[in-house]
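# Secondary and tertiary structure notes
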Amino acid sequence: MSTDTSLPVPNSSRFQFSSELEICRILNGMWQVSGGHGYIDPEIAVESMFPYLDSRFTTWDLADHYGPAEDFIGEFRRRLTARRGLAAAADIQAFTKWVPSPGPMDRRLVDETVNKSLRRMDLESLDLLQFHWWDYADERYLEAMSHLEKLRIEGKIRHLGLTNFDTQHLKKIIDEGYGVVSNQVQYSIIDRRPEMQMAQYCEEQGIHLLAYGTLAGGLLSERYLGQPEPGGSALTTASLSKYKHVVDAWGGWELFQELLLTLKGIADRHRVSIADVAIRYILDRPAVAGVIVGVRLGVADHRDDNAKVFDLGLEPEDLDKLETVLSRSRDLYSIIGDCGDEYRR
Ligand SMILES: NC(=O)c1ccc[n+]([C@@H]2O[C@H](COP(=O)([O-])OP(=O)(O)OC[C@H]3O[C@@H](n4cnc5c(N)ncnc54)[C@H](OP(=O)(O)O)[C@@H]3O)[C@@H](O)[C@H]2O)c1
C-alpha cells in the first residue's frame, strides 16, 4: 500500500506528442542516475518511480549512456506488470537516446544498438529514439538515420527524434525525407538560443522541442537566491557544474542574482516557486512540447512543487519584468552558436 500523499497532476499536464502517444509535459530526466549526481541506490530508485507514475509524471527521458537508466526502466516495467497487470506498463512513456561514438554506421551496428536498448528496457518497440551526432563533417549521420528509419518502419522504434541538432542539420535530415518528431535541446530562461531559428523551423514543420537545462541543474531555485557565487567544490553535481558555465557566459553571478530576485517576486505573487516560474516560462514558448526536469531518484523529490506549474499562468507584466533583466545579459547565440553547438567546439 502506497503512503504517498501527492495528488495526480491535472489534465493540463498532458500533451498529444503524436497521434498514438500522449506524454506529461514535465518529463522525468534520468541523467541524474548515471553517476556524477551523488549515489543512487538501484532498489530505492526503482521503487521511487512508482509515485511518479501515480502522480501522473508518466514520461521518462533517458539515454543508452546514462548508467543504469535503461535497466531501471526495464525493472520498473517488470514490477509494474507483476503488481498491476500488463496494461499498467503501457501507462509510461520512456524516451531514450542513442549517442554513438564516431565511426562506421552500418545496419548491423544500428540493429545491435536498438536491440540492446529494447532488451534493457524490456520493450518490443522504443517509444522514441533520440539520435545525437558529434561531427557534422562526418556525413554518416545520414546513413545512421536511414537504418533507424527502416527500424521505425519495421516497428522496433515508434518515433524517431534527435537531440542537440542545430537548425541547419535538422533541416537537412527533414529534406532527406526522414520523419523526425522532436529535437531535444538546452532551453532555459538564461539560454534562449532555440528562439533564434530552431523554434520557428520546428513550428513550421510540426516538430516538437523537448527542453533540458531549464532549471540549470537547480541553480534556478530559492536554494541559490542571495547566495555567494558557488565555486567548484560547492557545485556538487555534474549538472550544477555544467550550467554554472552557462550562467558565467550569460552574464555572471551578480546579474543571475537579479534574475533570481525577479523570479522570486513573480513566484511569490503566484504562490509558487522560482523553479515553477522557470519551467512555465519555457513550456509557454512556441514548439515546446515538454520540459525535462532531472530527478535524483531516492535522493530528492520535487513532484509536489513542480505539479504547481500546471495551474500557473504567467502574465504579460511578469514577462516584462523578466525581460528587463534578461535584456542586460549576453547573447549566447553569438557566443556559443545554435542549439547543440556547445557539443561541437
Ligand atoms: N540531450 C542532452 O544532451 C541532455 C543534456 C543534459 C540533460 N539532458 C536531460 O535533461 C534532464 C535534466 O537534467 P539537467 O541537467 O538539465 O538538470 P535540470 O533539470 O536543469 O535540474 C535538475 C535539478 O533541479 C533541481 N530541482 C528540480 N525541481 C526543483 C524544484 N521544484 N525546486 C528546486 N530545485 C528543483 C533538482 O536538484 P536536487 O536533486 O539537488 O534537489 C534536480 O536534480 C536530464 O536528466 C536528461 O534527461 C539531456
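Reading the values: rules and limits
Residues numbered from 1 in each chain as written. Predicted model: local features only at pLDDT ≥ 70, side-chain atom pairs only at ≥ 80, totals over all residues. Heavy atoms only, no water. Helix = DSSP H or I, 4+ residues; strand = E, 2+ residues; numbered from the N terminus. Contact = heavy atoms within 4.5 Å. Pairing = 2+ DSSP bridges. Axes fitted to C-alpha atoms, helices over the stretch in contact; angles between N-to-C directions. Phe/Tyr/Trp six-rings, centres within 6.5 Å; stacked < 30°, edge-to-face > 60°. Buried < 20%, exposed > 50% of the residue type's maximum accessible area, 1.4 Å probe, protein only. Lys NZ or Arg CZ within 6 Å of the ring centre and 35° of its normal. Near = heavy atom within 4 Å. Polar contact = N/O pair within 3.5 Å; in protein donor to acceptor, adjacent residues only side chain to side chain. Areas by Shrake-Rupley, 256 points an atom, 1.4 Å probe, with all protein chains shown as cover. Nonpolar A, V, L, I, M, F, W, Y, C, P; charged D, E, K, R; others polar. Salt bridge = Lys/Arg side-chain N within 4 Å of Asp/Glu carboxyl O.

By the element assignment, R120 lies in helix α4 (residues 107–121). Each residue touching R120, except ones within four places of it in the same chain, is listed here: D64, G67, P68, E70, D71 and G74.

A few words now on the sheet that holds strand β10 (residues 288–294). What the 8 strands build is a closed barrel, ordered β3-β4-β5-β6-β7-β8-β9-β10; its pairing is parallel. Adjacent strand axes in the sheet meet at a mean angle of 30 degrees, parallel and antiparallel pairs treated alike. Strands β3 (26–29), β9 (208–212) and β10 of the sheet are contacted by helix α10 (residues 274–283), whose axis makes an angle of about 150 degrees with β10.

The geometry of an aromatic ring pair comes down to the distance between the two centres and the angle between the two planes. Under the definition given, this model contains 16 aromatic pairs. When the centroid spacing of 6.5 Å and the interplanar angle of 70 degrees are considered together, the rings of Y52 and F57 count as edge-to-face. Assigned by exposure class, Y52 and F57 land together as buried. Each ring, one from W98 and one from F131, has its centre 5.6 Å from the other, and the planes form 40 degrees; the classification is tilted. Note that W98 is positioned in strand β5 (residues 93–98) and F131 in strand β6 (residues 128–131), a separation of 33 residues in sequence. In this pair, the class of W98 matches that of F131, namely buried. Of the aromatic side chains, those joined through ring pairs into one cluster are W98, F131, W133, Y136, Y141 and F165. Just above the ring of Y52 sits the side chain of R303; from NZ or CZ to the centre is 5.3 Å. The ring of F165 has R344 lying over it, and the distance from NZ or CZ to the ring centre is 5.9 Å.

Let us look at the site of the ligand. The environment of the ligand is made up of 31 residues, and the closest members are Q32, D61, S239, H302 and N306. Between W31 and the ligand, the recorded distance is 2.9 Å, taken from a backbone N or O atom to an oxygen atom. Side-chain polar atom of N306 to a nitrogen atom of the ligand: 2.7 Å apart, as the coordinates give it. Here the ligand loses 94% of its free accessible area of 910 Å² to cover by the protein chains. Every element with two or more residues in the shell around the ligand is listed here: α8 (238–250), β10 and α11 (303–307). Looking at which element gives the most residues to the shell around the ligand, the answer is β10, with 3 residues. A class-by-class count of the residues in the shell around the ligand yields 12 nonpolar, 14 polar and 5 charged.

If the charged atoms of two oppositely charged side chains come close together, the side chains can form a pair. For the structure shown, the criterion picks out 36 salt bridges. Between R108 and E112 there is a salt bridge, with its nearest N and O atoms 3.6 Å apart. Placement of the pair is R108 and E112 together in helix α4, with a separation of 4 residues, close to one helical turn. Residue R108 is classed as exposed on the basis of its relative accessible area, which comes to 64%. The class for E112 is partly exposed, based on a relative accessible area of 46%. Shared partners join several salt bridges into a network, and the residues in it are E43, E47, E75, R78, R79, R83 and D122.

Turning our attention to unusual backbone geometry. Within the chain, R56 stands out as a residue other than glycine whose phi angle is a positive 70 degrees. Looking at the secondary structure, you find R56 in the loop between α2 (49–54) and β4 (59–61). For R56, a relative accessible area of 26% translates into the label partly exposed. Positioned with a positive phi, N164 is a non-glycine residue whose angle comes to about 60 degrees. Residue placement: N164 occurs in the loop between β7 (160–163) and α6 (167–175). Residue classification places N164 among the buried positions, given a relative accessible area of 5%.

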